[in-house]
Amino acid sequence: MAQRLLRAKQKIRLAGIPYEVPEREALGPRAARVLAVIYLVFTEGYVATSGEELMRPDLAREAIRLGRLLDALVPQRGEIKGLLALMLLHDARRPGVKPRAATSCC
């Protein structure tokens, strides 16, 4: 992941793409997309789609961290607070969820 980020930063630098803070009107649609990605990361952490483990708590914690960061950066947005509350509620239930049982056929 670190290599990917390094290459992406280098590519942006070489292309001469300037860093810009988006206009206030553009924040709404962008925030909705960011929230969707954060929720997808959380969902993959809560119920993994592949691998041996049912849950990936590291992903769930990272999504919660990103949600809190977004809430601090863009306060007064109900959809951000709502997503954060939803993730925290589900994460609080995580210790009570039983691991997947091996299924046997016939």
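You'll find the structure just up there.
How each quantity is defined
Residues numbered from 1 in each chain as written. Predicted model: local features only at pLDDT ≥ 70, side-chain atom pairs only at ≥ 80, totals over all residues. Heavy atoms only, no water. Helix = DSSP H or I, 4+ residues; strand = E, 2+ residues; numbered from the N terminus. Buried < 20%, exposed > 50% of the residue type's maximum accessible area, 1.4 Å probe, protein only. Areas by Shrake-Rupley, 256 points an atom, 1.4 Å probe, with all protein chains shown as cover. Core = buried A, V, L, I, M, F, W, Y, C linked by side-chain atoms within 4.5 Å. Salt bridge = Lys/Arg side-chain N within 4 Å of Asp/Glu carboxyl O. Axes fitted to C-alpha atoms, helices over the stretch in contact; angles between N-to-C directions. Parallel < 35°, antiparallel > 145°, perpendicular 65-115°, else oblique. Left-handed = near helix turned anticlockwise from the far one by under 90°. Contact = heavy atoms within 4.5 Å.

Asker: Before we go on, may I ask you to explain the overall build of the protein in this structure?
Answerer: Scanning the protein for helices and strands turns up four helices and zero strands. For the protein, the succession of helices and strands along the chain, N to C, is α-α-α-α. The 106 residues of the protein split such that 20% are buried. Carbon and sulfur atoms make up 61% of the accessible area of the protein, which amounts to about 8,500 Å² in all.

Asker: What's the story with the nonpolar core in this structure? I'm lost.
Answerer: Nonpolar side chains tend toward joint burial in soluble globular proteins. Counting residues in each nonpolar core, the largest one holds 14 residues, and the members touching the most others are Ile38, Phe42 and Met87. For this core, the elements supplying multiple residues, two or more each, are α2 (24-46), α3 (57-73) and α4 (78-93).

Asker: Help me out: how do you make sense of the pattern of salt bridges in this one?
Answerer: The final tally for this structure, using the stated rule, is four salt bridges. Close ionic contact of arginine 56 with aspartate 58 constitutes a salt bridge, the shortest N to O distance being 3.5 Å. According to the relative accessible area criterion, arginine 56 is partly exposed, its value standing at 36%. The salt bridge involving arginine 77 is made with glutamate 79; its shortest N-O contact spans 2.5 Å. Judged by its relative accessible area of 21%, arginine 77 is partly exposed.

Asker: Teacher, can you tell me more about the packing of α3 against α4 here?
Answerer: For the pair α3 and α4, the least separation of the axes is 9 Å and the interaxial angle reads 155°. Between α3 and α4, the angle falls in the class roughly antiparallel. Read as a crossing pair, α3 and α4 show a hand that is left-handed. Taken together, the residues of α4 that come into contact with α3 (itself represented by Ala60, Ala63, Ile64, Gly67, Arg68, Leu70 and Asp71) are Ile80, Lys81, Leu84, Met87, Leu88 and Asp91.

Asker: Explain the environment of threonine 49 here, please?
Answerer: Structurally, the position occupied by threonine 49 is in the loop between α2 and α3. Judged by relative accessible area, threonine 49 falls into the exposed class, the value being 67%.

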